[in-house]
Amino acid sequence: WLGFSADGARLASGGWDGTIRVWDAATGALLRAIPNGSLVMGVQFSPTDGRTLASAGYSAKQWDVDSGEMIRSIEGRDFAVFSPDGRTIATAIAPGTTDMFLVDAETGRVRLRMVGHQATVLCASFSVNGSKLASGYADGGCKVWDSSTGALLRTIWLGSLITSIAWGRDWVQ
């Protein structure tokens, strides 16, 4: 799993060995290795500061990549994605649960709990302006939520396991 910092200067990677690695994107030099303690299934830099990283695996965490120190564990597990303004992290507790959480990135507190998936939530992505959140789940469904209220806006059935989801820059409705 890979994630670039907003300025493109750093690349974070994580995998089965339980280590988050931060690389210089221009030279490929390893800048820091951060032991996560268990497999890493996702990494994403905060879009606002370039040094805070969210990771997911058997637990979701926030890291200061400059120091390598864990900032906090957060509610969630299988994915952790920042909103475009960097103030919220979407995550879920899986396997076997259908709840998704929006966590305050500054405090680590759960701000919203979104209930309504029919199967395990596997991925999520904020719209470009952050007003909506799309989530994909194991039975082939995709839900679109209002990210400020948690209201379910629509369900789209794709018919196959959804492991990754993304928004186009021009689609925010």
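Please read these numbers as outputs of a predicted model, since none were measured by experiment.

1. A short note on the sheet that holds strand β4 (residues 30-35)
Right, on to step 1. Ordered in space as β1-β2-β3-β4, the four strands form an open sheet in which the pairing is antiparallel. What marks the edges here is a single partner per strand, and that holds for β1 (2-4) and β4. Strand-to-strand, the axes of this sheet are offset by a mean angle of 15°, without reference to chain direction.
Right, on to step 2. Pairing of strand β2 (residues 10-14) with strand β3 (residues 19-24), which is carried by five bridges, proceeds in the antiparallel orientation. Its bridge partner being in β3, S13 is matched across the sheet by R21.

2. Quick notes on the nonpolar core
Right, on to step 1. Membership of the largest hydrophobic core comes to 13 residues, with the highest contact counts inside it found for A90, M100, L102, A124 and L133.
Right, on to step 2. Broken down by secondary-structure element, the contributors of at least two residues to this core are β10 (88-92), β11 (100-104), β12 (110-114) and β13 (121-126).
Right, on to step 3. Leaving out residues up to four positions away in the same chain, M100 has contacts with F79, T91, A92, L112, R113, M114, H117, V121, A124, L133, S135 and W145.

3. A short note on the pattern of salt bridges
Where charged atoms from two side chains of opposite charge approach closely, those side chains can pair.
Right, on to step 1. Counting across every chain of the model gives six salt bridges.
Right, on to step 2. The partner of D66 in a salt bridge is R51, and the shortest N-O contact between them spans 4.0 Å. Of this pair, D66 sits in the loop between β7 (60-64) and β8 (69-74) while R51 sits in the loop between β5 (40-45) and β6 (52-57), placing them 15 residues apart in sequence.
Right, on to step 3. Note on D66: relative accessible area 41%, which makes it partly exposed.
Right, on to step 4. On the basis of relative accessible area, R51 is assigned to the partly exposed category, the value being 38%.
Right, on to step 5. Salt-bridge contacts for R87 lead to D85; the nearest nitrogen and oxygen are separated by 3.8 Å.
Right, on to step 6. Judged by relative accessible area, R87 falls into the exposed class, the value being 60%.
Right, on to step 7. In this structure, a network of salt bridges that share partners links the residues R10, R51, D64 and D66.

Cut-offs used in this document
- Residues numbered from 1 in each chain as written.
- Predicted model: local features only at pLDDT ≥ 70, side-chain atom pairs only at ≥ 80, totals over all residues.
- Heavy atoms only, no water.
- Pairing = 2+ DSSP bridges.
- Helix = DSSP H or I, 4+ residues; strand = E, 2+ residues; numbered from the N terminus.
- Axes fitted to C-alpha atoms, helices over the stretch in contact; angles between N-to-C directions.
- Core = buried A, V, L, I, M, F, W, Y, C linked by side-chain atoms within 4.5 Å.
- Buried < 20%, exposed > 50% of the residue type's maximum accessible area, 1.4 Å probe, protein only.
- Contact = heavy atoms within 4.5 Å.
- Salt bridge = Lys/Arg side-chain N within 4 Å of Asp/Glu carboxyl O.

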